[in-house]
Amino acid sequence: MGLAPALNAVPGHEVIHWWNWVLLAIIILGLLIIDFRGHVRKAHEPTIKEAAIWSGIYMAIAAAFGLVVWLQWDLNLAVQYWAGWITEWSLSLDNLFVFIIILNGFNVPRLYQQKVIMLGIVISMVLRLGFILIGAALISKFAWIFYLFGLFLIYTAISQAREGVTKEDEAESGQGYQENRFTSLVRRVLPVSEGFREAKLLYRHRGKTYVTPMFLVIVAIGSADLMFAFDSIPAIFGLTSHPFIVFAATAFSLMGLRQLFFLVDGLLERLAFLHYGLALILGFIGVKLIIHAAHEAPFWGIDKWAHSIPEPSIGFSMGYIVIVLLVTALASIWYSKRKSRI
């Protein structure tokens, strides 16, 4: 079948052409260039006001892209995009916990944290595009892959629920960071300079080139994001099967991550029930994927009861995700206020 059909075909809809991909790439690259030249290039610590304004701008751009999808194709595809974007955005909040742990673990100066996160976003987009293309190719050939995606998301949901509020203290202290094997391997293979050299990744001294701790931080964040992709990509494929919509939703959820980091940094401990909310979302999508797989690729007599269980519609799925996030946020606010009074 090849990859081209998986990239272009929208079941029941007009074909998404190659130039749609080109325009999407131009938009994303343009935003990255504006972000880098306007904010990251000159090292500074963003104010809450700056982070709030730009977070709002990126969220407005992401939401507006859904309107473009609606006008270009139809409302159903737009709702798929919005549901995917909201899901990926909520998962990115969880990623921020890990970013804080890594940055604190390496003692990255606040002044240079923007560059680390920005480069981490670029690495994330490249890695996730690869996962999306591989996932699209597998789905186009093997419908049963949805069983694996569904079971993995249910497992991930259970893991999220077990984590609970334990990441609060880790994010504050940085003690929760443990260098992964890939980062340790890079440290052993490449010579590392002592201390940060401003925001430089490489440092030349006495005729020898060293990588700086800043380089190691980016490696740590990039390799950590590789693990994030294992749950985020199956999750969004549970809401839409088209790689264009999957990548667009993923890319726009990542675009405002730098600003979001500085906006919610210090407030993340108030999201005490975030992991439980994400567990409910991932578990729901996991069950949805298994139901979808039962309809598409039944086995072991599963087809006898599969059609008696309707697959949740994209409208219902989006409503469920939004409600869970709202309840999670409200419950977290109530809990943090109650905790502050004790």
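Only a predicted model underlies this, so the values are computations on that prediction, with no experimental measurement involved.

Draft legend 1. Structural view of the overall build of the protein chain. Of regular secondary structure, the protein chain possesses 14 helices and two strands. By residue count, 48% of the 342 residues in the protein chain fall in the buried class. Within the protein chain, counting contacts between residues at least 6 apart in sequence, those at least 24 apart form 81% of the total. On the protein chain, roughly 16,800 Å² of surface is accessible, and the fraction owed to carbon and sulfur atoms is 67%.

Draft legend 2. Quick look at the pairing of strand β1 (residues 202-205). Direction of pairing for β1 relative to strand β2 (residues 208-211): antiparallel, over a ladder of four bridges. Along β2, the bridge assignment pairs R204 with T209. A loop of two residues connects β1 with β2, the two strands running antiparallel in sequence, and R206 in this loop sits at a positive phi of about 55°.

Draft legend 3. Local environment of empty space enclosed by the protein. Applying the stated criterion across every chain, the model contains one cavity of 30 Å³ or more. Roughly 60 Å³ of volume is contained in the largest cavity. Taken together, S55, Y58, M59, W85, W89, F252, S253, G256, L257 and L260 make up the lining of the largest cavity. Here the element with the most residues in the lining of the largest cavity is helix α3 (residues 48-72); it accounts for three residues.

Draft legend 4. Here's a closer look at the pattern of salt bridges. Applying the stated criterion across every chain, the model contains one salt bridge. In this structure, E88 engages R128 in a salt bridge whose closest nitrogen and oxygen atoms are separated by 3.5 Å. Taken together, the residues span a long stretch of sequence, with E88 in helix α4 (residues 75-105) and R128 in helix α5 (residues 113-141) at a distance of 40 residues.

Draft legend 5. Representation of a nonpolar patch on the surface in the model. On the surface, a nonpolar cluster with roughly 540 Å² of combined accessible area is contributed by W18, W19, V22, L23 and I26. Within the secondary structure, L23 sits in helix α2 (residues 18-40).

Draft legend 6. Geometry of the packing of α4 against helix α10 (residues 243-255). Packing of α4 against α10 leaves a shortest axis separation of 8 Å and a crossing angle of 40°. Our classification of the angle between α4 and α10 gives oblique. Handedness of the crossing formed by α4 with α10: right-handed. On the side of α4, the interface is formed by L77, Q80, Y81, G84, W85, E88, W89 and S92, while α10 contributes I245, A248, A249, T250, F252 and S253. Here the contact of α4 with α10 is composed, by residue class, of eight nonpolar, five polar and one charged.

Draft legend 7. The environment of N20, seen in detail. In this structure, N20 sits in helix α2. For N20, a relative accessible area of 7% translates into the label buried. For the pair N20 and F244, spaced 224 residues apart in sequence, the C-alpha separation works out to 8.5 Å. Those residues in contact with N20, other than ones at most four positions away along the chain, are W73 and F244.

Draft legend 8. Examining the packing of aromatic side chains more closely. Across all of its chains, the model carries 14 aromatic pairs by this definition. Geometrically, the ring pair formed by W21 and F244 is edge-to-face, given 5.4 Å between the ring centres and 80° between the ring planes. Residue W21 is found in helix α2, and its partner F244 is found in helix α10; the two are separated by 223 residues along the sequence. With centroids separated by 6.5 Å and ring planes inclined at 90°, the aromatic side chains of Y81 and F252 adopt a geometry described as edge-to-face.

Draft legend 9. View of the packing of α3 against α10. For the pair α3 and α10, interaxial distance at closest approach is 8 Å and the crossing angle is 165°. Here α3 is positioned roughly antiparallel relative to α10, judged by the angle of their axes. Where α3 crosses over α10, the handedness of that crossing is right-handed. When α3 is examined against α10, the residues Y58, I61, A62, F65 and V69 are found in contact with a partner set consisting of F244, I245, A248, F252 and M255. Looking at the contact of α3 with α10 residue by residue, the classes come out as 10 nonpolar, no polar and no charged.

Draft legend 10. Just the confidence of the model for the protein chain, in detail. When pLDDT is averaged along the protein chain, the result is 78, and 81% of the positions lie at 70 or above. Here helix α1 (residues 3-8) stands out as the element of the protein chain with the lowest mean pLDDT, 46, in contrast to α10, whose mean of 89 is the highest. In the predicted structure, residues 1-7 sits below a pLDDT of 50 and forms 14 contacts with residues beyond four places in sequence or in another chain. Counting interchain partners and residues more than four positions distant, the pLDDT-below-50 stretch residues 170-174 has 12 contacts.

Draft legend 11. Examining the environment of Q113 more closely. With respect to the helices and strands, the residue Q113 is situated in helix α5. A relative accessible area of 5% places Q113 in the buried class. Placed 149 residues apart in sequence, Q113 and F262 show a C-alpha to C-alpha distance of 9.4 Å. Discounting chain neighbours no more than four positions away, the residues touching Q113 are L103, V108, F261 and F262.

Cut-offs used in this document
Residues numbered from 1 in each chain as written. Predicted model: local features only at pLDDT ≥ 70, side-chain atom pairs only at ≥ 80, totals over all residues. Heavy atoms only, no water. Helix = DSSP H or I, 4+ residues; strand = E, 2+ residues; numbered from the N terminus. Buried < 20%, exposed > 50% of the residue type's maximum accessible area, 1.4 Å probe, protein only. Contact = heavy atoms within 4.5 Å. Areas by Shrake-Rupley, 256 points an atom, 1.4 Å probe, with all protein chains shown as cover. Pairing = 2+ DSSP bridges. 1 Å grid on protein atoms, 1.4 Å probe; cavity = no way out; pocket = protein on both sides within 12 Å on 5 of 7 lines; lining within 4 Å. Points joined across faces, edges and corners; volume = space filled by probe spheres on them. Salt bridge = Lys/Arg side-chain N within 4 Å of Asp/Glu carboxyl O. Patch = residues over 30% accessible without salt bridge, like charges linked within 9 Å, V, L, I, M, F, W, Y side chains within 5 Å. Axes fitted to C-alpha atoms, helices over the stretch in contact; angles between N-to-C directions. Parallel < 35°, antiparallel > 145°, perpendicular 65-115°, else oblique. Left-handed = near helix turned anticlockwise from the far one by under 90°. Nonpolar A, V, L, I, M, F, W, Y, C, P; charged D, E, K, R; others polar. Phe/Tyr/Trp six-rings, centres within 6.5 Å; stacked < 30°, edge-to-face > 60°. pLDDT = per-residue confidence, 0-100.

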